[in-house]
Protein chains: 2
Amino acid sequence: MGEFDLIARYFTRPVRRAALGVGDDCALLRVAPGMQLAVSSDMLVAGRHFFDDVDPVHLGHKSLAVNLSDLAACGAKPLAFTLALSLPEANEVWLKGFAEGLLALADAHEIELVGGDTTHGPLNICITVFGEVPSGKALLRSGARPGDDIWVSGTLGDARLALDALLGKIDLPPDALSAARLRLECPTPRVALGTALRGIASSALDVSDGLLGDLSHILEQSQVGADIDADAALQTMAARKSTLILPDAQWYQCALAGGDDYELAFTAPADRRDQVLAAASETRTPVTRIGHVTAAPGIRVLDAQGNTLPQQKWSSFDHFA
Amino acid sequence: MGEFDLIARYFTRPVRRAALGVGDDCALLRVAPGMQLAVSSDMLVAGRHFFDDVDPVHLGHKSLAVNLSDLAACGAKPLAFTLALSLPEANEVWLKGFAEGLLALADAHEIELVGGDTTHGPLNICITVFGEVPSGKALLRSGARPGDDIWVSGTLGDARLALDALLGKIDLPPDALSAARLRLECPTPRVALGTALRGIASSALDVSDGLLGDLSHILEQSQVGADIDADAALQTMAARKSTLILPDAQWYQCALAGGDDYELAFTAPADRRDQVLAAASETRTPVTRIGHVTAAPGIRVLDAQGNTLPQQKWSSFDHFA
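Since the structure is predicted, the reported quantities are computational estimates derived from the model, not experimental observations.

Rules and cut-offs
- Residues numbered from 1 in each chain as written.
- Chains lettered and ligands numbered in written order.
- Predicted model: local features only at pLDDT ≥ 70, side-chain atom pairs only at ≥ 80, totals over all residues.
- Heavy atoms only, no water.
- Buried < 20%, exposed > 50% of the residue type's maximum accessible area, 1.4 Å probe, protein only.
- Helix = DSSP H or I, 4+ residues; strand = E, 2+ residues; numbered from the N terminus.
- Pairing = 2+ DSSP bridges.
- Phe/Tyr/Trp six-rings, centres within 6.5 Å; stacked < 30°, edge-to-face > 60°.
- Lys, Arg positive; Asp, Glu negative; His and termini not counted.
- Salt bridge = Lys/Arg side-chain N within 4 Å of Asp/Glu carboxyl O.
- Contact = heavy atoms within 4.5 Å.
- Core = buried A, V, L, I, M, F, W, Y, C linked by side-chain atoms within 4.5 Å.
- Least-squares fit on C-alpha atoms with pLDDT ≥ 70 in both.
- Axes fitted to C-alpha atoms, helices over the stretch in contact; angles between N-to-C directions.
- Parallel < 35°, antiparallel > 145°, perpendicular 65-115°, else oblique.
- Left-handed = near helix turned anticlockwise from the far one by under 90°.
- Nonpolar A, V, L, I, M, F, W, Y, C, P; charged D, E, K, R; others polar.

### As for the pairing of strand β8 (residues 225-229) of chain B
All names here are of chain B.
Part 1: Counting buried positions over the 5 residues of β8 gives 4, a clear majority of the element.
Part 2: Examined bridge by bridge, β8 and strand β10 (residues 287-294) share 4 bridges and lie antiparallel to one another. Bridge pairing links D227 to H292 in β10.
Part 3: Looking at chain direction, β8 and strand β11 (residues 298-302) are connected through 5 bridges and run parallel. Residue pairing in the sheet places I228 in a bridge with V301 of β11.

So, in structure tokens, the structure goes:
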């Protein structure tokens, strides 16, 4: 199958909202008056971001989900995306599954694939997403203030638990593994929560490389520090509710520096707790308060007894470390 | 060097025109009222789109140039771009050169890098460019009409000549090789010509996979055909002006199906020839009339004697063929 047939068969659908979609040199998008365009780009590499034998339906979902998660972290409403795909071969079974997972998530968010590129090479998936946010209303990393609460959405650490099990570092019972694996392979971008937090949250980002490492970007850009309640963060893990027994260090590692969570970490003034909880309730997204912003720089991680835990073990995931 | 240091050192510069650049979850762009956003994404893979040992300064240039060429083909003015980069190692010499070539071309077009991603993996460069074009004024592939002239900008075929020489298929004298190699490695995106052709050209695209193959996309989308003057196309080749002697088939192959030209192929009504030539002159971009659009579908390639040449040899480049 040629390149153009392949694009046509799996990825071309009628354009609905964009002015011009797949099949010209550029896609054309309209941005409504008073809106800014939010743009983010993520690249997923076989063997680095996913296992070669991962279910292509899950991979299609995740490739778009991690990008939508960036829009969510800015409070932007998704509009469209481009896909650049390097494939070792035009495997129709793989492509069909990949397109299915990708386009199902696109449909769920009412966005469309407007362009891109396909080429021959090692498996590499690069998606660029476009969203819109009212001018001046985007959630940035630089707005956290001392005294603000620190919140996270959903559950932390389960994706890392699955990864460690798949890498043979820990043993998980089949039920626990398959639940955790869904979190690793099919993360839920918190788009509705992100837009609901506009005007409420003082800063936000998405947790992709591990809570503490990602949170440090907010703290640096806001020139503040944080006290983190390790147990509160740890209690968000779905696996904690099971009968699973693991060493404490493993739990902490997963929850605080796990990576691949694609949850939102955000700050909000303490007098906006009700508004945060209302936004969470409206969007059916669990949120947990896990600490507060301090004037003193750095992150202090505290256990249930209020003791500071050593952090050197929980460094952020870094693709070149 | 860690991922974040690497981004900061080579790719972060102060934001000038975008509302928010590298360092948050999304970049934020403003699109002026009455404008549409034009978006295009191209992925370059080592060993497929460039040789592993190519000068990284040239590669940085080309990675952005091929994307700007897509904006040019739509008549869009470039605004900004994102870069997703997969690297086998954080080689500082390579990165410094790549960033130099990339950002020099960005500066020449007064656009800025607003975001992206870096990761570890086989060398892969994915750039997404953003441009603006007045609503309804984009040059599309679907507007060619019978009787329209067919034009190309600049020179065709020299890039392919260099590629064939570098692959050892033909011998070129050192001077001819280095001139042709510059066309292969440092193409000039025809951005100024593209915007100047708004309202004049009836259709346009950029020639990246070879003239005949690319032109067929215009013909299919416009439901027309074309008569091409092979010698006119061939005379655009810079190498034709040298003392180089090659078989006719080689010249035709390069000019008609060479690929990697990044020139504009466009159509315009015959009564707009003066306007086309004025646009070319204003933007200091050579243009050559190489044929005309016909009502009958398909492409007929004619030699200087008006005989139809067989075309099966000059198929378009296809990444999965």
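### Looking at the packing of aromatic side chains
Part 1: Applying the stated criterion across every chain, the model contains 5 aromatic pairs over all chains.
Part 2: Taking the centre distance of 4.9 Å and the plane angle of 10 degrees together, the rings of A:W94 and A:F98 count as stacked. Of this pair, A:W94 and A:F98 both sit in helix α3 (residues 92-108), separated by 4 residues, roughly a single helical turn. Both residues of the pair, A:W94 and A:F98, belong to the buried class.
Part 3: With 5.6 Å between their ring centres and 85 degrees between their planes, A:F130 and B:F130 make a pair best called edge-to-face.

### Let's talk about the side chain of A:D70
Part 1: Tracing the chain through its elements places A:D70 in helix α2 (residues 56-74).
Part 2: Of the side chains with opposite charge, A:R141 lies nearest to the buried A:D70, which makes no salt bridge, at 5.6 Å.
Part 3: Those residues in contact with A:D70 that lie beyond four places of it in its chain are A:S40, A:D42, A:D206, B:D25 and B:C26.

### Focus: the nonpolar core
Generally speaking, soluble globular proteins have nonpolar side chains that are buried together.
Part 1: With 55 residues, the main nonpolar core has A:F11, A:L64, A:F81 and A:F266 as its most contacted residues.
Part 2: Membership of the second largest hydrophobic core comes to 54 residues, among which are B:F81, B:A138, B:W151 and B:V191.

### Digging into the relation of the copies chain A and chain B
Part 1: Each copy of the sequence occupies a distinct position, and chain A is placed on chain B by a rotation of 180 degrees and an axial shift of 0.0 Å, giving an RMSD of 0.0 Å. On this basis, the relationship between the two copies can be described by a two-fold rotation axis.
Part 2: When the interface residues of chain A are mapped onto chain B, 100% of them are again interface residues, pointing to one common binding face.

### Here's the deal with the packing of helix α4 (residues 158-166) of chain B against helix α5 (residues 174-185) of chain B
Residues and elements named next belong to chain B.
Part 1: At a closest axis distance of 7 Å, the pairing of α4 and α5 adopts a crossing angle of 115 degrees. With respect to each other, α4 and α5 are oriented roughly perpendicular. α5 is crossed by α4, and the crossing has left-handed handedness. Here D158, A159, A162, L163, A165 and L166 of α4 come into contact with α5, specifically with L177, A180, R181, R183 and L184.
Part 2: Partitioned by chemical class, the residues of the contact of α4 with α5 number 8 nonpolar, no polar and 3 charged.

### Side note on the pattern of salt bridges
Part 1: This model, assessed by the stated rule, comprises 14 salt bridges over all chains.
Part 2: A:R160 is the partner of A:D164 in a salt bridge, and the nearest nitrogen-oxygen pair spans 3.1 Å. Remark: A:R160 and A:D164 occur in helix α4 (residues 158-166); sequence separation between them is 4 residues, near one turn of the helix.
Part 3: B:R190 is the partner of B:E263 in a salt bridge, and the nearest nitrogen-oxygen pair spans 2.8 Å. Taken as a pair, B:E263 in strand β9 (residues 263-268) and B:R190 in the loop between α5 and α6 (191-196) lie far apart in primary sequence, 73 residues in all.
Part 4: Owing to a relative accessible area of 0%, B:E263 belongs among the buried residues under this scheme.
Part 5: Residue classification places B:R190 among the buried residues on the basis of a relative accessible area of 14%.
Part 6: Salt bridges here are not isolated pairs; linked through shared partners, they connect A:R183, A:R190 and A:E263.

### Side note on the sheet that holds strand β6 (residues 149-153) of chain B
All names here are of chain B.
Part 1: On the basis of which strands lie adjacent, the open sheet formed by 7 strands has the order β7-β9-β6-β10-β8-β11-β12 and mixed pairing. The open sheet has two edge strands with one neighbour each: β7 (203-207) and β12 (308-309).
Part 2: Where β7 lies against β9, 5 bridges are found, and the strand directions are antiparallel. The residue bridging D206 from the neighbouring strand is L264, located in β9.

### Regarding the packing of α2(A) against helix α5 (residues 174-185) of chain A
Residue and element names in this part refer to chain A.
Part 1: At a minimum axis separation of 9 Å, α2 and α5 run at an interaxial angle of 50 degrees. It follows from the interaxial angle that α2 and α5 lie oblique. Touching H58, H61 and K62 of α2 are L182, L184 and E185, all from α5.
Part 2: Looking at side-chain class alone, the contact of α2 with α5 contains 2 nonpolar, 2 polar and 2 charged residues.

### A short note on the environment of A:I228
All names here are of chain A.
Part 1: Inspection of the secondary structure assignment puts I228 in strand β8 (residues 225-229).
Part 2: Taking the C-alpha atoms as reference points, I228 and L256, 28 residues apart in sequence, are found 9.6 Å from one another.
Part 3: Not counting residues within four places of it along the chain, the set of residues in contact with I228 comprises I150, L212, L215, L256, I290, G291, I299, R300, V301 and L302.

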